Amino acid sequence: MSLPAQALSAHFCVAPQLEPSAMAEAAAAGIRSVINNRPDFEGGPDQPTSAAMEAAALAVGLEYRFLPVNGGYQSPEEIAAFAQLLASLPTPILAFCRSGARSSRLYAAALQEG
């Protein structure tokens, strides 16, 4: 499997829904932190849970944070929380959601916030 990540900057990339096995590939690619923006079971019962993703990330030495947000709306509080994660997590950071679009919007909004 090739990690389906799209770089938005030298220190940040986004991806669609990942499987726990992708955490080892992310670590091997130099990623140091992962942010999961997809609520558990948003995609149904076959979607990997945040707990499964976190266990896989921690097993390969990645930092992991769960910041689930709605696909259609990200609140000012969620954007501020995302900005705080960007400022505090080791880079490079990989954020993922269903398609990568929600994580991309959060990133753009967090950058605008300063």
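Here the structure is a predicted model, which means the values were calculated and not measured.

### Points about helix α4 (residues 101-113)
1) Next: With 13 residues, α4 ought to run about 18 Å at 1.5 Å a step, and its terminal C-alpha atoms sit 18 Å apart, in line with that.
2) Next: Listed as buried for α4 are R102, S103, L106, Y107, A109 and A110.
3) Next: The elements touched by buried residues of α4 are β1 (6-9), β2 (12-15), α3 (76-88) and β5 (93-96).
4) Next: Looking one or two residues past α4, G114 carries a phi angle of roughly 95 degrees, positive in sign.

### Describing the sheet that holds β2
Strand-to-strand pairing in sheets goes through backbone hydrogen bonds, with the strands running parallel or antiparallel.
1) Next: Judged by pairing direction, the sheet is mixed, and its 5 strands sit side by side in the order β1-β2-β5-β3-β4 without closing on themselves. With partners counted over all chains shown, the strands left at the sheet margins are β1 and β4 (63-66), one partner each. When strand polarity is set aside, the average angle formed by the axes of neighbouring strands in this sheet is 25 degrees.
2) Next: As defined by bridge partners, strand β3 (residues 33-36) adjoins β5 across 4 bridges and the pair is classed as parallel. Each residue of the ladder has a partner; that of V34, found in β5, is L94.
3) Next: α3 rests against β2, β3, β4 and β5 of the sheet, and its axis sits at about 155 degrees to β5.
4) Next: On top of the sheet, α4 reaches β1, β2 and β5; it is set at about 155 degrees to β2, its chief contact.

### Digging into the environment of A52
1) Next: Structurally, A52 can be placed in helix α2 (residues 50-59).
2) Next: For the pair formed by A52 and E19, sequence separation is 33 residues and the distance between their alpha carbons is 8.9 Å.

### Concerning the packing of aromatic side chains
1) Next: Per the counting criterion, the structure on display carries 2 aromatic pairs.
2) Next: On the basis of an interplanar angle of 85 degrees and a centroid distance of 6.0 Å, the ring pair of F12 and F82 is categorised as edge-to-face. In this pair, F12 sits in strand β2 while F82 sits in helix α3, placing the two residues 70 residues apart along the sequence.
3) Next: With a centroid separation of 4.1 Å and an interplanar angle of 5 degrees, the aromatic rings of F12 and Y107 are classed as stacked. Here F12 is found in strand β2, whereas its partner Y107 is found in helix α4, with 95 residues between them in sequence.
4) Next: An aromatic cluster is built from F12, F82 and Y107, whose rings are joined through pairwise contacts.

### Looking at the pattern of salt bridges
1) Next: Counting across every chain of the model gives 3 salt bridges.
2) Next: We note a salt bridge from E42 to R38, for which the minimum N-O separation is 2.6 Å.
3) Next: You can call E42 partly exposed: its relative accessible area is 36%.
4) Next: A relative accessible area of 7% means that R38 is categorised as buried.
5) Next: Note that R65 is salt-bridged to E63, the shortest N-O span being 3.1 Å.
6) Next: Assessed through its relative accessible area of 32%, R65 is described here as partly exposed.
7) Next: If you follow the salt bridges from partner to partner, you end up with R38, E42 and R102 in one network.

Parameters at a glance
- Residues numbered from 1 in each chain as written.
- Predicted model: local features only at pLDDT ≥ 70, side-chain atom pairs only at ≥ 80, totals over all residues.
- Heavy atoms only, no water.
- Helix = DSSP H or I, 4+ residues; strand = E, 2+ residues; numbered from the N terminus.
- Expected span 1.5 Å × (residues − 1).
- Buried < 20%, exposed > 50% of the residue type's maximum accessible area, 1.4 Å probe, protein only.
- Contact = heavy atoms within 4.5 Å.
- Pairing = 2+ DSSP bridges.
- Axes fitted to C-alpha atoms, helices over the stretch in contact; angles between N-to-C directions.
- Phe/Tyr/Trp six-rings, centres within 6.5 Å; stacked < 30°, edge-to-face > 60°.
- Salt bridge = Lys/Arg side-chain N within 4 Å of Asp/Glu carboxyl O.

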